[in-house]
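# A look at the structure
Here is what each chain is made of, one letter per residue.
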Amino acid sequence: MSGESEVRITPDEEFSTLSLETDGTGEAEDEEIKSSYKPPPEKTIEEILAADQEDESLRKYKEALLGQEGLEAVVVCPCDPRKVLVKKLALCVPGRDDLELHLHGPLSELKKQVFVIKEGVQYRIRIDFVVQREIVHGLKYVQKTYRMGVPVDKMTHMVGSYPPKIEIQSYTTPPEDAPSGMLARGSYSVNSLFTDDDKNIHLEWEWCFEIKKDWKD
């Protein structure tokens, strides 16, 4: 599945990759990343459609933006009260099949599936998710990487705001370069978090990868 761009309700800015700094206590990496971005007030679909009804062009624009599904209650999984259901993480390298983690099973099993990454290659992370019930504002993907328990990197990306849809929606990060060199080779653990401006934790999971000299080394 490719990470095609989706129509978003608000144009949110994107965070660049950040290097993780710590004061030695492990607390620094947990601080809120500050930005000038101000999240919009949370509104239901009914409230959004009810506003500015006297402006027909704006009303039609909002209806077109939301689509027919957005005008009705979209509930993909009635037994799950969450607005965002994170389905899959994929590590995408040009010219190779995507390495995928399915996130709808036991999360404790994910560490058993270790991604092997060739040193120095360029890759992207794709997150596949479903939005149901209401529009979600300011989705964020936060990824912290550790080696032997020591934090070595952190990246935070503003994913955006999305309407409810039956189909899976996707976000793909900008390209990153895997570390290279003898000292960089080895095993890494990753803590991933899919959250939003209201600090709702839609999913948090841990996974692992190993940097090697070659794909089959």
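Residues numbered from 1 in each chain as written. Predicted model: local features only at pLDDT ≥ 70, side-chain atom pairs only at ≥ 80, totals over all residues. Heavy atoms only, no water.

### Some details on the overall build of the protein
A tally of regular secondary structure across the protein gives two helices and eleven strands. When burial is assessed residue by residue, the protein has 41% of its 217 residues classed as buried. Long-range contacts, defined as pairs at least 24 residues apart, comprise 72% of the intrachain contacts of the protein with a sequence gap of at least 6. Summing over all exposed atoms, the protein offers an accessible surface of approximately 12000 Å²; the carbon and sulfur share of this is 51%. (Helix = DSSP H or I, 4+ residues; strand = E, 2+ residues; numbered from the N terminus. Buried < 20%, exposed > 50% of the residue type's maximum accessible area, 1.4 Å probe, protein only. Contact = heavy atoms within 4.5 Å. Areas by Shrake-Rupley, 256 points an atom, 1.4 Å probe, with all protein chains shown as cover.)

### Overview of the pattern of salt bridges
Applying the stated criterion across every chain yields a total of nine salt bridges. Measuring nitrogen to oxygen at the nearest pair gives 3.0 Å for the salt bridge that ties E109 to K112. Note that E206 is salt-bridged to K111, the shortest N-O span being 2.8 Å. Placement of the pair is E206 in strand β11 (residues 203–212) and K111 in the loop between β3 (99–102) and β4 (114–118), with a sequence separation of 95 residues. Under the relative-accessibility criterion, E206 is labelled partly exposed at 37%. Given the relative accessible area of 42%, K111 is considered partly exposed. Among the charged side chains, a network of salt bridges with common partners joins K88, D98, E100, R126 and D128. (Salt bridge = Lys/Arg side-chain N within 4 Å of Asp/Glu carboxyl O.)

### A short note on unusual backbone geometry
Not every positive phi belongs to a glycine, and R133 is a case in point at roughly 75°. You can see R133 is positioned in the loop between β5 (122–131) and β6 (136–147). Unlike most non-glycine residues, K199 shows phi in positive territory, near 65°. Tracing the backbone shows K199 in the loop between β10 (186–195) and β11. Its relative accessible area of 60% is what places K199 among the exposed residues.

### Let's talk about the packing of aromatic side chains
Enumeration over the complete set of coordinates arrives at six aromatic pairs. Between the aromatic rings of Y188 and F209, the centroid separation amounts to 5.0 Å while the plane-to-plane angle is 10°, which identifies the pairing as stacked. Placement of the pair is Y188 in strand β10 and F209 in strand β11, with a sequence separation of 21 residues. Using a relative accessible area of 8% as the deciding quantity, one classes Y188 as buried. Taking the relative accessible area as the measure of exposure, F209 reaches 10% and is therefore buried. Taken together through their ring pairs, the aromatic side chains of F115, Y188, W207 and F209 make up a single cluster. Against the face of W215 rests R96, its NZ or CZ located 3.9 Å from the ring centre. (Phe/Tyr/Trp six-rings, centres within 6.5 Å; stacked < 30°, edge-to-face > 60°. Lys NZ or Arg CZ within 6 Å of the ring centre and 35° of its normal.)

### So, the pairing of β11
Taken together, the five bridges between β4 and β11 define a ladder with parallel strand orientation. If you follow K118 over to β11, its bridge partner there is K212. (Pairing = 2+ DSSP bridges.)

### Points about the confidence of the model for the protein
Mean pLDDT for the protein: 78, with 66% of residues reaching 70 or above. Confidence, expressed as mean pLDDT per element, reaches its minimum in the protein at strand β1 (residues 17–18) with 33 and its maximum at strand β8 (residues 169–172) with 96. Long-range and interchain partners of residues 1–35, a stretch whose pLDDT sits below 50, account for 81 contacts in this model, where long-range means more than four residues apart. (pLDDT = per-residue confidence, 0-100.)

### Quick notes on the nonpolar core
In this structure, L89, F129, Y141, F194, W205 and W207 are the most contacted members of the largest nonpolar core, which totals 34 residues. Of all elements in the fold, only β2 (84–92), β4, β5, β6, β7 (150–162), β10 and β11 reach the threshold of two or more residues within this core. Excluding residues that lie within four positions of it along the chain, F129 makes contacts with V84, L85, V86, K87, L139, V159, Y162, I168, Q169, S170, Y171 and F194. (Core = buried A, V, L, I, M, F, W, Y, C linked by side-chain atoms within 4.5 Å.)

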